[in-house]
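Coordinate analysis (summary)
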Amino acid sequence: MPYTIRVKPSSRKGPLVETDATGAADLVVFVCERAVDGAANDGVVKALADHFGVAPRDVTILRGHSSRIKRVEVAE
């Protein structure tokens, strides 16, 4: 199932997945990793996999690899 997410890298709250209260995205993902060399993307994949109870290989970033707004797909 595809989701639009907003990523908050370098967050002290992370790893954490919350619903977006503003309505701009489906979920907000807080990750501890910095947005350098794809580290935040790896953190997003791990956080979403834990949140949905799937393996990290079942989470795919479809769009927005270098953006804070991403489109991801979670296989069920």
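Here the structure is a predicted model, which means the values were calculated and not measured.

Structural notes on the overall build of the chain
In terms of helices and strands, the chain carries one helix and five strands. Seen in sequence order, the chain has helices and strands lined up from the N terminus as β-β-β-α-β-β. Relative to the globule expectation of 11 Å for 76 residues, the C-alpha radius of gyration of the chain, 11 Å, shows essentially globular dimensions. Taking all 76 residues of the chain together, the buried fraction comes to 37%.

Side note on the sheet that holds strand 2 (residues 16–19)
Taken together, five strands build an open sheet; the order of strands is 2-3-1-5-4 and the sheet is mixed. Sheet topology places strand 2 and strand 4 (59–63) at the edges, where each strand pairs with a single neighbour. When strand polarity is set aside, the average angle formed by the axes of neighbouring strands in this sheet is 35 degrees. Of the strand pairs in this sheet, strand 4 and strand 5 (residues 69–74) are connected by four bridges, and their pairing is antiparallel. Note on strand 5: the bridge partner recorded for Arg63 is Arg71.

A short note on the nonpolar core
Core analysis: the biggest nonpolar cluster contains 17 residues, and Ile5, Val29, Val44 and Leu48 have the highest contact counts within it. Of all the secondary structure elements, the ones that give two or more residues to this core are strand 1 (2–8), strand 3 (27–30), helix 1 (39–52), strand 4 and strand 5. Here this core takes six residues from helix 1, the largest share from any one element. Apart from the residues within four sequence positions on either side, Val29 is in contact with Ile5, Arg6, Val7, Lys8, Leu16, Val17, Val44, Ala47 and Leu48.

Considering the confidence of the model for the chain
For the chain, mean pLDDT is 92; residues scoring 70 or higher make up 100% of the total. The spread of mean pLDDT over the elements of the chain runs between strand 2, the lowest at 86, and strand 4, the highest at 96.

Overview of the pattern of salt bridges
The tally for this structure, following the rule as stated, stands at one salt bridge. Here Lys13 ties to Glu18 by a salt bridge, and the two come within 3.7 Å at their closest N and O atoms. Take Glu18: its relative accessible area is 31%, and that puts it in the partly exposed class.

Conventions we followed
Residues numbered from 1 in each chain as written. Predicted model: local features only at pLDDT ≥ 70, side-chain atom pairs only at ≥ 80, totals over all residues. Heavy atoms only, no water. Helix = DSSP H or I, 4+ residues; strand = E, 2+ residues; numbered from the N terminus. Rg over C-alpha atoms; globule rule 2.2 N^0.38 Å. Buried < 20%, exposed > 50% of the residue type's maximum accessible area, 1.4 Å probe, protein only. Pairing = 2+ DSSP bridges. Axes fitted to C-alpha atoms, helices over the stretch in contact; angles between N-to-C directions. Core = buried A, V, L, I, M, F, W, Y, C linked by side-chain atoms within 4.5 Å. Contact = heavy atoms within 4.5 Å. pLDDT = per-residue confidence, 0-100. Salt bridge = Lys/Arg side-chain N within 4 Å of Asp/Glu carboxyl O.

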